[in-house]
Amino acid sequence: MKTCLVVDDSKVIRKVARHILETLDFEVREAGDGREALDSCMAAAPDVILLDWNMPVMSGMEFLRALRESDIAAKPKVVFCTTENGMAYIRAAIEAGADEYVMKPFDRETLESKLQIVGVA
Amino acid sequence: MSHSAPVRPAAGGAIGAIAALLEHRTGQQIAASRAWRLETSLKPLLRGLGFASLDDLVAALAMSTDGRLAEQVVDLLLNQETSFFRDTLVLEMVADAIAARRAATPGRRLRIWSSGCSTGQEPLSLAMLLEERGLGPNAVDLVATDVSGAAITRARAGRFSQFEIQRGLSVLRMMRWFESDDFDWVARSELLRRVQFRRQNLVSDPAPPGQFDLVLCRNVLLYFPSDVRRAVFERLAGALRDDGLLVLGAGETVIGQTGRFAPTPAWRGLYTRTPAAR
Ligand SMILES: C[S@@+](CC[C@H](N)C(=O)[O-])C[C@H]1O[C@@H](n2cnc3c(N)ncnc32)[C@H](O)[C@@H]1O
């Protein structure tokens, strides 16, 4: 079973994502900000991370940079999942090393197809 | 390729009449088990016109003289479900087959027809794949058709909602081939220009002129009755070169449907015209 870490400061979004991911047969872990996510990745790297952009403590972008610089051996795939839907944001995320990008709001089909594209579903 | 029994006109006043209209115009039958959807699909139209029930709509259809109302009704009832890179592996194989053919006959411009293209995601996905393999407008022509005028108008505009653009399309391809405009995403003209969209009814209109190397007819034939399906296979065969290839939807086959096509060993899941049919 593949593991997905859902990183979002909104409990509701985490719940919705968890629900969809569980129907896609993922084991789901949650983090409320980038810092928590980093700790979680250090403990055990997930297969894929669903990453919000704007969060307190540590943003998605800061987390992504830290993750890419870290010495976590098996680098998880990173799918940004955010309300930022401008081309400039998308480009910045890809340049920082994101593998895919989901613009909120998302539905099951969107999430499933993006996870297929990064090769985890 | 069988589905549950279709709604018959006798099935029930208004629903039967509307199902008959759809079948008459497009060959598409509505499975009885899905008949309830018909009313749901037409609800916005009923509300917009101030009609209380389907009976009012049927009465208006009977009185209407220019066919525009019927066209609106049909557009709402057609299943136009599609997405970018639907069945990616099949589309990749199509691009491989076209690339191989181009390599074998470098001077000849190849021709592809996407029939029942809905709002354009299928031919646009192919156009992207072909470009990525170096097969630009000088190498391949793409023609895409649908019976629905509304679908073709949308396809020509190349404008997709946030939901549509994210279904099946990778972010890299989205960045490469689309521009954002408010909440929509619009195909860049270099992509849109690759596909010639036109309206065509597979049941009653001739195929686009000329002969094709490959025809896609995916997720269209499913709701045709078997005699109509056979006739459409005939039309598709007539539009193909002798060595042309046919591509159906994931759950569809020619086996037991027509003698005009047979599976080709060269490309798994693709079909060629049978020798007898030439
Ligand atoms: C379910 S969509 C499939 C779209 C695309 N080929 C795909 O596989 O994603 C079926 C399309 O066939 C079109 N269609 C239905 N009857 C047709 C007919 N008689 N002639 C041409 N197109 C037809 C519908 O309007 C609709 O856009």
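All values derive from a computational prediction rather than experimental measurement. (Residues numbered from 1 in each chain as written. Chains lettered and ligands numbered in written order. Predicted model: local features only at pLDDT ≥ 70, side-chain atom pairs only at ≥ 80, totals over all residues. Heavy atoms only, no water.)

## Structural notes on the domain arrangement of chain B
All names here are of chain B. Cut-off, in case you're wondering: Here the limits of each domain have been adopted from an automatic or database domain assignment. Only heavy atoms matter for contacts: two residues are in contact if any of them lie within 4.5 Å across the pair. When two parts are put together, the accessible area they lose, computed with a 1.4 Å probe and summed over both, is reported as buried area. Any Lys or Arg side-chain nitrogen located within 4 Å of an Asp or Glu carboxyl oxygen qualifies as a salt bridge. By the criterion applied in these results, polar contacts are pairs of N or O atoms within 3.5 Å in which, for protein atoms, one can donate a hydrogen and the other can accept it, and in which residues neighboring in sequence qualify only through two side-chain atoms. We count a stretch as a helix when DSSP gives it H or I for four or more residues in a row; a strand needs E for two or more, and each element gets its number in order from the N terminus. Under the scheme applied, nonpolar residues are Ala, Val, Leu, Ile, Met, Phe, Trp, Tyr, Cys and Pro; charged residues are Asp, Glu, Lys and Arg; polar residues are all the others, including Gly.
Domain annotation of chain B identifies domain 1 (13-77) and domain 2 (88-273). With centres defined by C-alpha atoms, the gap from domain 1 to domain 2 works out at 29 Å. Domain 1 puts nine residues into the contact, and the matching count from domain 2 is 11 residues. Interface area for domain 1 against domain 2, summed over the two sides, is near 790 Å², with a carbon-plus-sulfur share of 44%. If you sort the residues of domain 1 by the area they bury against domain 2, Gln 28, Gln 29 and Asp 75 come out on top, with a joint share of 46%. The tally of links from domain 1 across to domain 2 stands at one salt bridge. For Glu 71, the salt bridge goes to Arg 199, with nearest N and O atoms at 3.3 Å. Viewed at the interface, domain 2 and domain 1 are joined by five residue pairs in polar contact (both at pLDDT 80 or more). Looking at the side of domain 1 that touches domain 2, the elements with two or more residues in it are helix 1 (13-26) and helix 4 (68-77). Counting residues per element, the side of domain 1 that touches domain 2 draws most heavily on helix 1, which supplies three residues. Looking at the side of domain 1 that touches domain 2 residue by residue, the class counts come to no nonpolar, four polar and five charged.

## Section: the sheet that holds strand 4 (residues 178-181) of chain B
Residues and elements named next belong to chain B. Operational definition: Paired strands, as defined in this entry, are two strands with at least two bridges between them according to DSSP.
Pairing is antiparallel in the open sheet, where three strands are placed in the order 3-5-4. Whereas interior strands pair on both sides, the edge strands pair on one side only; in this sheet they are strand 3 (159-160) and strand 4. Inspection of the sheet shows strand 4 paired to strand 5 (residues 184-187) by four bridges, in the antiparallel sense. When the sheet's bridge partners are listed, Phe 178 is paired in strand 5 with Ala 187.

## Observations concerning the side chain of Gln200(B)
Threshold: For every residue, the accessible area (1.4 Å probe, protein chains only) is compared with the maximum for its type, and the residue is labelled buried under 20%, exposed over 50%, or partly exposed between those bounds.
The topology assignment puts Gln200(B) in the loop between strand 6 (195-199) and strand 7 (212-217). On the accessibility criterion, Gln200(B) (6% relative accessible area) is buried.

## Describing the packing of aromatic side chains
Residue and element names in this part refer to chain A. Our working definition: Only centres within 6.5 Å qualify two rings of Phe, Tyr or Trp (six-membered ring in Trp) as a pair; their planes then separate them into stacked at under 30 degrees, edge-to-face at over 60, and tilted for everything else.
Tallying each qualifying case throughout the model produces eight aromatic pairs over all chains. On the basis of an interplanar angle of 35 degrees and a centroid distance of 4.9 Å, the ring pair of Trp 53 and Phe 80 is categorised as tilted. Note that Trp 53 is positioned in the loop between strand 3 (48-51) and helix 3 (60-69) and Phe 80 in strand 4 (residues 77-82), a separation of 27 residues in sequence. Of the residues examined, Trp 53 reaches a relative accessible area of 10% and is grouped as buried. Look at Phe 80 and you get buried, because its relative accessible area is 0%.

## Let's talk about the sheet that holds strand 1 (residues 2-7) of chain A
Residue and element names in this part refer to chain A. Spelled out, the test is: Between N-to-C directions, angles span 0 to 180 degrees; the directions come from axes that are lines fitted to C-alpha atoms, helices contributing only their stretch in contact.
On the basis of which strands lie adjacent, the open sheet formed by five strands has the order 2-1-3-4-5 and parallel pairing. Edge positions in the open sheet fall to strand 2 (26-31) and strand 5 (100-103), since each of these has one partner strand only. In this sheet, adjacent strand axes meet at a mean angle of 20 degrees when their direction is disregarded. Across four bridges, the pairing between strand 3 and strand 4 is parallel. Note on strand 4: the bridge partner recorded for Leu 51 is Phe 80. Seen against the sheet, helix 1 (residues 11-23) touches strand 1, strand 2 and strand 3 and runs at an angle of roughly 165 degrees to strand 2.

## What about helix 5 (residues 88-104) of chain B?
All names here are of chain B. What counts is decided by this rule: By definition here, a helix of n residues has an expected span of 1.5 Å times n minus one.
Look at helix 5: 24 Å from first C-alpha to last across 17 residues, which is about the 24 Å you get at 1.5 Å a residue. Of all the positions in helix 5, only Leu 91, Met 93, Val 94, Ala 95, Ala 97, Ile 98 and Arg 101 are classed as buried. Looking at the buried residues of helix 5, the elements they touch are strand 1 (110-115), helix 6 (121-132), strand 2 (140-146), strand 7, strand 8 (240-248) and strand 10 (270-273).

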